[in-house]
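Each chain, letter by letter, is given below.
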Amino acid sequence: MVSAKGRDQKPMLLTICFLLGIANFYMHKAVAESGHPYVEETKRYLHRHIGPYGSYALELALLIGALWLANTGALAVSLLYAAYTAINGVASWVLLSNKA
């Protein structure tokens, strides 16, 4: 939809958040299957408190929240979700490259 100010940014924000969500789930799965001692300890803790797929549920809740707020046109939330994805990327790289 075109407004007086210009183009509507909602479709682009939704698309970007969705693609960032796919990246987050991909990194989450790769790290979860890595067998790293930190990850295994965290998985045991989460399994005890929120079930075997609780970390995926938390990741999904973050994605749904980001998509919901991106649908309202909240650019700041989309930027925060992009920063979250970047931090996940760095953490995944550190864990998967055995730097930690």
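Predicted model, so just to flag it, every value in this text is computed and none were measured.

Conventions and cut-offs
Each chain carries its own residue numbering, running from 1 in the direction its sequence is written. In view of the model being predicted, local features appear only for residues whose pLDDT reaches at least 70, and side-chain atom pairs are presented and counted only at 80 or more, with totals across whole chains, interfaces and linings using the full set of residues. No hydrogens and no water enter the side-chain calculation; it runs on all heavy atoms of the structure. Working definition: helices are DSSP H or I runs of at least four residues, strands are E runs of at least two. Numbering for both runs from the N terminus. Exposure classes here rest on a 1.4 Å probe applied to the protein chains alone. A residue is buried below 20% of its type maximum, exposed above 50%, and partly exposed in between. When charges are counted, Lys and Arg contribute as positive and Asp and Glu as negative, whereas His and the chain ends are disregarded. Every case where a carboxyl oxygen of Asp or Glu lies within 4 Å of a side-chain nitrogen of Lys or Arg is listed as a salt bridge. By definition, residues are in contact when any of their heavy atoms lie within 4.5 Å. Among buried residues, the Ala, Val, Leu, Ile, Met, Phe, Trp, Tyr and Cys ones that are joined through side-chain atoms within 4.5 Å form a nonpolar core. The aromatic pairing rule takes the rings of Phe, Tyr and Trp, using the six-membered ring of Trp, and pairs them if the centres are within 6.5 Å, calling planes under 30 degrees apart stacked, those over 60 edge-to-face and the rest tilted. An axis is simply a line fitted to the C-alpha atoms; with a helix, the fit covers only the stretch in contact. Between two such axes, the angle follows the N-to-C directions and lies from 0 to 180 degrees. Every angle not falling under 35 degrees, over 145, or within 65 to 115 is termed oblique; those three ranges are roughly parallel, roughly antiparallel and roughly perpendicular. For this scheme, ten residues count as nonpolar: Ala, Val, Leu, Ile, Met, Phe, Trp, Tyr, Cys and Pro. Four count as charged, namely Asp, Glu, Lys and Arg, and the remainder, Gly too, count as polar. pLDDT: the predictor's confidence for each residue, scored from 0 to 100. Patch membership is restricted to residues that have no salt bridge and whose relative accessible area is over 30%. Joining uses 9 Å for like charges and 5 Å for the nonpolar side chains Val, Leu, Ile, Met, Phe, Trp and Tyr. Exposure was quantified through the Shrake-Rupley algorithm and a 1.4 Å probe, taking into account, for residues, occlusion by the shown protein chains and nothing else.

A. Spotlight on the side chain of Glu59. Within the secondary structure, Glu59 is located in helix α3 (residues 54–71). Of the buried charged residues, Glu59 lacks a salt bridge, with Lys43 as the closest side chain of opposite charge at 14 Å. Here Glu59 is in contact with Asn24, Phe25, His28, Tyr81, Tyr84 and Asn88, once residues within four sequence places are set aside.

B. Examining the nonpolar core more closely. By size, the foremost hydrophobic cluster in this structure holds seven residues: Leu13, Cys17, Leu20, Leu63, Ala66, Ala70 and Tyr81. Secondary structure elements with two or more residues in this core: α1 (10–32) and α3. Sequence-distant contacts of Cys17, defined by excluding residues within four places in its chain, comprise Leu63, Ala66, Leu67, Ala70, Ser78 and Tyr81.

C. Region of the structure containing the packing of aromatic side chains. Inspection of every chain in the model, using the stated rule, returns two aromatic pairs. Judged by centre distance (6.4 Å) and plane angle (5°), the ring pair of Phe25 and Tyr56 falls under stacked. Of this pair, Phe25 sits in helix α1 while Tyr56 sits in helix α3, and the two are 31 residues apart along the sequence.

D. Layout of the pattern of salt bridges. Summed over the entire model, instances satisfying the criterion amount to one salt bridge. Linking Lys43 and Glu40 is a salt bridge whose minimum nitrogen-to-oxygen distance equals 3.3 Å. Of this pair, Lys43 and Glu40 both sit in helix α2 (residues 37–50), three residues apart, roughly one helical turn. The class of Lys43 is partly exposed, set by a relative accessible area of 35%. On the accessibility criterion, Glu40 (25% relative accessible area) is partly exposed.

E. Spatial organisation of the packing of α1 against α3. Axis separation between α1 and α3 bottoms out at 9 Å; the angle between their running directions is 170°. Regarding the angle of α1 to α3, the classification is roughly antiparallel. Within the contact between the two elements, α1 uses Lys10, Leu13, Leu14, Cys17, Phe18, Gly21, Asn24, Phe25, His28, Lys29 and Ala32 and α3 uses Ser55, Tyr56, Glu59, Leu60, Leu63, Ala66, Leu67, Ala70 and Asn71. Per-class residue counts for the contact of α1 with α3 are 12 nonpolar, five polar and three charged.

F. Summary view of the confidence of the model for the protein chain. With 93% of its residues at a pLDDT of 70 or more, the protein chain shows a mean pLDDT of 89. Strand β1 (residues 2–3) is the least confidently modelled element of the protein chain, averaging 52 in pLDDT, while helix α4 (residues 75–96) averages 95, the highest of any element.

G. Here's a closer look at a nonpolar patch on the surface. Judged by side-chain polarity, Phe18, Leu19 and Ile22 come together as a nonpolar surface patch covering roughly 300 Å² of accessible area. Here Ile22 shows up in helix α1. The class of Ile22 is partly exposed, set by a relative accessible area of 44%.

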